[in-house]
Amino acid sequence: MWLISLRDLQWRRRRFIIAVLATGLVFGITLLLSGMNSGFGDEVNRTIAAFHADSWVVPRGAPGPFTTSAAFPSAVVSQVAHTAGVREADAMVVTRVTLAGATPLDAVVFGDTIGGIGPSATSGRNPRRSGELVADTKLGVGVGQVVTLGGRRFRVVGTYDGNTVFGGQPTAVMPIQDARAISFANQPLATSVVTRGLPASAPPGFKVQTPSQAAGDLKRPLKDATSTIGFLNVLLWIIAAGIIGSIVYLTVIERQRDFAVLKATGFSSIGLFVSLAIEAVVIALAAAVVASVMAIALHGSLALRVEISTGTYVGLAGISVVVGILASLVGLRRAVGVDPALAFG
Amino acid sequence: MSAPPAPAAGSDHGAVADPRAAHLEVRDLTIEYSSGGYIVRPIDHFHLDTRGGELVLLLGASGCGKTTLLSVLAGILTPSSGSVMVGDTQVVGLSGAALTQYRRRRVGIVFQAFNLLASLTASENVQIPLRGAGVRSRAARHRALELLGQVGLSDRVEHRPGDLSGGQQQRVAIARALAHDPPVLLADEPTAHLDYLQVDGVIRLLRRLADGGRLVIVATHDDRLVPLADRIVNLTPRRDTESRAPETVHLEPGEILFHQGDAGELVYIVETGTIDLVRTREDGTEERFTSVEPGGYFGELAPMFGLQRAATARAAAASTVTGYTVRDFRARHSGSVGQLLSGAVDVTEAV
């Protein structure tokens, strides 16, 4: 079977190459889209983990600590701090700002207590006073730079990497009083209380969210995007199967006389199917290699963070085999149905 | 083109281990199929009894059923009725794995158009039936080289069909047919695409294969093969070219003069009454396509060209017809072949 399949691919190598490139392009797009979806999930997990927090306490009607605009008096913080299970509690303000520049850049700001719970700089240091800022590298600013955020000037004292939200939006950490100044005209308000240690209960009118619930709050705005990407991925797999299936079907039509001869000389239908399936699988695997090269070459140049794990590449190879076999089913019926008497024609 | 080498003395080239396996017995075989909506019966109550060591020619013009008969012998086509015994195997009714085994082990087929796989080398083409049967690569290649050597193509084993002459391709096809050492070899028009130089090599090869105890059945219209054959089966109805006395036939209403598919010997002139010419459709119904009145003639095509009757002739009323050989018909009634075929020969004086 191998002999017939590989020789046929060799014989029709131009068509084989075109099929591999076309299918590889489709596979490559699916890889990149999968990488985007993974990137969405991974950024949420990274950002949540950066807080090293055990819970967020938010108003009962708020969906979560990152998407709510419901502010409450910061006096609630001391109530939470005195709840059983809590070792440490800090007020937090989450707000959106725009980085002034030739091309304005939106960012999400975490207003944290200085020296309290919150993401730390991986380069430089954390803010020690008002007017200092730690920024995600995606914001494009370096330590020592002065930037204008929400109409206020800040000196960048540290940076971190990968703490983005909502599909690649950069974040920044500043003292909570600066965040209050931007959002609440310096009023002593907070949008959530972040804790170390899990509170046994929440103050009246508040609820406790675990890190996974807080992650759900960050993922919720991306739900439509991720489901659309998933749907597009399915469509692309179908297109890839369609390309391979078309090539296999075309081959079957052209090789009807060959199949008739093979059947007349005692080839079984299973043998014919295996022969076709091998061709389809070889095309699919070769396309997977092309797709992997394409994805590796392109993923860093996209605006959105694309995270493709080794497992995804291995998975692509596995799915390619399945797609190849399914695609060869298209031609199977026709190949098996070839009348061996055609060999006499 | 190099002719295939003669087998060495004591060689088992073409020899069949069990001659009984090469015994072919065809009984009362009828093959019908549909063509253009009508029933065609190229093989009608056919009998043949032959054995290993014979080279049998199925001789006849195109369309007479040679290839159809070969297809039945190869287990590719199921006949309408009758039996085909190859050795102790009843071929009619075989299916599934048994049929696959029969095609692999009992018969080898040489196709008219060679039908080699263009993407494979000569050696690989010969290996294919073996690999399909699960023979390991090394053993299959060894067998292929042995067979290609026997057909004189040791120096062409790595050539693809497109790089081989017609005769060489046909010899590769013969080697492929012999891959499983079958007792019966079926060859369909093996000389059809060859020039006279190439024909020589192929004919000698087929003859030698038969001499080794194989039964070789060759369907052909090439009468150059006749001197080499042990038996000739003429599938074309005999053309009566001699003069013979006209036959006058009286028919009652509904009585049939001849059936669609019968051999045709005479051209008929209607003396009295009316003759309907009807064709049987594939669903069994009949279609009358013309009626011949007194003074008209019919049935000229079959005896002129050695074909089977294309329609059934049935009396629509009490009728009398007279049958002539083509030779006598043309002698009595002046007219060219073209006029005869177009119905333009005037036969009124004869009526």
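What counts as what
Residues numbered from 1 in each chain as written. Chains lettered and ligands numbered in written order. Predicted model: local features only at pLDDT ≥ 70, side-chain atom pairs only at ≥ 80, totals over all residues. Heavy atoms only, no water. Pairing = 2+ DSSP bridges. Helix = DSSP H or I, 4+ residues; strand = E, 2+ residues; numbered from the N terminus. Contact = heavy atoms within 4.5 Å. Axes fitted to C-alpha atoms, helices over the stretch in contact; angles between N-to-C directions. Buried area = accessible area lost by both parts, 1.4 Å probe. Salt bridge = Lys/Arg side-chain N within 4 Å of Asp/Glu carboxyl O. Polar contact = N/O pair within 3.5 Å; in protein donor to acceptor, adjacent residues only side chain to side chain. Core = buried A, V, L, I, M, F, W, Y, C linked by side-chain atoms within 4.5 Å. Buried < 20%, exposed > 50% of the residue type's maximum accessible area, 1.4 Å probe, protein only. Phe/Tyr/Trp six-rings, centres within 6.5 Å; stacked < 30°, edge-to-face > 60°. Lys NZ or Arg CZ within 6 Å of the ring centre and 35° of its normal.

A. Local environment of the sheet that holds strand β4 (residues 81-86) of chain B. Residue and element names in this part refer to chain B. Pairing is antiparallel in the open sheet, where four strands are placed in the order β2-β1-β4-β5. With partners counted over all chains shown, the strands left at the sheet margins are β2 (38-50) and β5 (89-90), one partner each. Sheet analysis places strand β1 (residues 24-35) next to β4, joined by five bridges and oriented antiparallel. Each bridged residue has a counterpart across the sheet, and for Thr30 the counterpart in β4 is Ser81. Across the sheet, helix α1 (residues 66-73) lies against β1, β2 and β4, angled at about 120° from β1, the strand it touches most.

B. Quick look at the interface of chain B and chain A. Taken residue by residue, the interface counts 24 residues in chain B and 21 residues in chain A. Both sides together, the interface formed by chain B and chain A hides about 2200 Å², and carbon and sulfur atoms give 67% of it. A salt bridge links Arg7 of chain A to Glu124 of chain B; the nearest nitrogen and oxygen atoms lie 2.5 Å apart. At the junction of chain B with chain A, the criterion picks out five residue pairs in polar contact (both at pLDDT 80 or more). Elements with a contribution of two residues or more to the side of chain B that touches chain A: α1, α2 (96-105) and α3 (122-132) of chain B. Sorting elements by how many residues they give to the side of chain B that touches chain A places α3 of chain B first, with five residues.

C. Region of interest: the nonpolar core. All names here are of chain B. Formed by 82 residues in total, the largest nonpolar core has its most connected members in Leu24, Leu29, Phe46, Val84 and Ile217. Beyond its immediate sequence surroundings of up to four residues, Leu29 is in contact with Ile43, Asp44, His45, Phe46, Leu69, Val72, Pro79, Ser81, Gly82, Ser83 and Val84. If you look at the next biggest cluster of nonpolar residues, it comprises 37 residues, including Leu55, Ala173, Ala177 and Leu205.

D. Looking closely at unusual backbone geometry. At Ala185 of chain A, a position not held by glycine, the phi torsion is positive, near 50°. Relative to the assigned elements, Ala185 of chain A resides in the loop between α4 (176-184) and β10 (189-190). The class of Ala185 of chain A is exposed, set by a relative accessible area of 59%. Positive phi values are uncommon outside glycine, yet Phe114 of chain B reaches one of about 70°. Examined against the element boundaries, Phe114 of chain B turns out to sit in the loop between β6 (107-110) and α3.

E. Main features of the environment of Asp155 of chain B. Residue and element names in this part refer to chain B. Position of Asp155 among the secondary structure elements: in the loop between α4 (137-150) and α5 (166-177). Considered as a pair, Asp155 and Ala175 are 20 residues apart in the sequence and their alpha carbons are 14 Å apart. Within the local environment of Asp155, its side chain forms a polar contact with the side chain of Arg156, the two groups lying 3.3 Å apart.

F. Examining the packing of aromatic side chains more closely. Evaluated as defined, the whole model comprises 13 aromatic pairs over all chains. Between Phe344 of chain A and Phe111 of chain B the ring centres are 5.2 Å apart and the planes differ by 70°, which places this aromatic pair in the edge-to-face class. One end of the pair, Phe344 of chain A, is in the segment after α9 (310-336); the other, Phe111 of chain B, is in the loop between β6 and α3, on a second chain. A relative accessible area of 5% means that Phe344 of chain A is categorised as buried. Feature note: the residues Phe51, Trp56, Phe66 and Phe110 of chain A constitute an aromatic cluster, connected by ring pairs. Sitting over the face of the ring of Phe289 of chain B, Arg279 of chain B holds its NZ or CZ atom 4.5 Å from the ring centroid.

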